[in-house]
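Structural characterization, general
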Amino acid sequence: MVRRAQPERTCVGCRRRAPASELLRIVAIGDGAGHRLRPDPTRSLPGRGANMHPDPACFALAVRRRAFGRALRITGVPDHGAVAEYVDAPTTTSGQTDRARVASKVGRPT
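Because the structure is a prediction, the values reported are computed rather than measured.

Attention shifts here to the overall build of the chain. A tally of helices and strands in the chain yields 4 helices and 5 strands. For the chain, the α and β elements follow one another from N to C terminus as β-β-β-β-β-α-α-α-α. Among the 110 residues that make up the chain, the fraction classed as buried is 37%. If you take every contact in the chain between residues at least 6 apart in sequence, the share linking residues at least 24 apart comes to 54%. About 7,200 Å² of surface is accessible on the chain, with carbon and sulfur atoms providing 48% of the total.

This is the structure:
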């Protein structure tokens, strides 16, 4: 029985490597007003994708580090509301997450 290597990707939030099947693919959809991020759980949408653990803590780290723009090679601040709903991360209108809750998940003091 021959085992094939599974592709590995790096999470844009926590920067840990994991098999691609464990990560959520995120794509940017451009329109006249800017870019919107969309989750791509089936990994079938066209274009460049960024990979992230489907975890609110990784999502918060990616937003704080502005990692989506770099990974997807887009300028400006993308709308990440659809991804926040998908991973169940609470956001305010400014796009910032609840720091205390996120800090406790990633093991950092507030």
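With that settled, consider unusual backbone geometry. The phi dihedral of Arg-43 falls on the positive side, at around 55 degrees, and the residue is not glycine. Within the secondary structure, Arg-43 is located in the loop between strand E4 (34-40) and strand E5 (49-52). Of note, the phi angle at Arg-66 is positive, near 55 degrees, even though the residue is not glycine. Among the structural elements, Arg-66 can be located in the loop between helix H1 (56-65) and helix H2 (67-72).

Turning to the nonpolar core, a few remarks are in order. Core analysis: the biggest nonpolar cluster contains 21 residues, and Val-12, Ile-26, Met-52, Phe-59 and Phe-68 have the highest contact counts within it. Tallying contributions element by element places H1 first for this core, with 4 residues.

Take the pattern of salt bridges next. Overall, the coordinates contain 2 salt bridges when judged by the stated rule. Close ionic contact of Arg-17 with Glu-8 constitutes a salt bridge, the shortest N to O distance being 3.3 Å. In this structure, the salt-bridge partner of Arg-25 is Asp-40, at a minimum N-O distance of 2.6 Å. Of this pair, Arg-25 sits in strand E3 (residues 24-31) while Asp-40 is found in strand E4, placing the two residues 15 residues apart along the sequence.

This brings us to the environment of Gly-47. Within the element layout of this structure, Gly-47 appears in the loop between E4 and E5. What makes Gly-47 exposed here is its relative accessible area of 57%. For the pair Gly-47 and Leu-72, spaced 25 residues apart in sequence, the C-alpha separation works out to 9.0 Å.

A word on the sheet that holds E4. Sheet architecture is open: 3 strands sit in the order E4-E3-E5, paired in antiparallel fashion. Of all the strands in the sheet, the pair left with one neighbour each is E4 and E5. Ignoring which end each strand starts from, the neighbouring axes of this sheet average 35 degrees apart. In the sheet, E3 pairs with E4 via 7 bridges, with the strands oriented antiparallel. Note on E4: the bridge partner recorded for Arg-25 is Asp-40.

Rules of the game
Residues numbered from 1 in each chain as written. Predicted model: local features only at pLDDT ≥ 70, side-chain atom pairs only at ≥ 80, totals over all residues. Heavy atoms only, no water. Helix = DSSP H or I, 4+ residues; strand = E, 2+ residues; numbered from the N terminus. Buried < 20%, exposed > 50% of the residue type's maximum accessible area, 1.4 Å probe, protein only. Contact = heavy atoms within 4.5 Å. Areas by Shrake-Rupley, 256 points an atom, 1.4 Å probe, with all protein chains shown as cover. Core = buried A, V, L, I, M, F, W, Y, C linked by side-chain atoms within 4.5 Å. Salt bridge = Lys/Arg side-chain N within 4 Å of Asp/Glu carboxyl O. Pairing = 2+ DSSP bridges. Axes fitted to C-alpha atoms, helices over the stretch in contact; angles between N-to-C directions.

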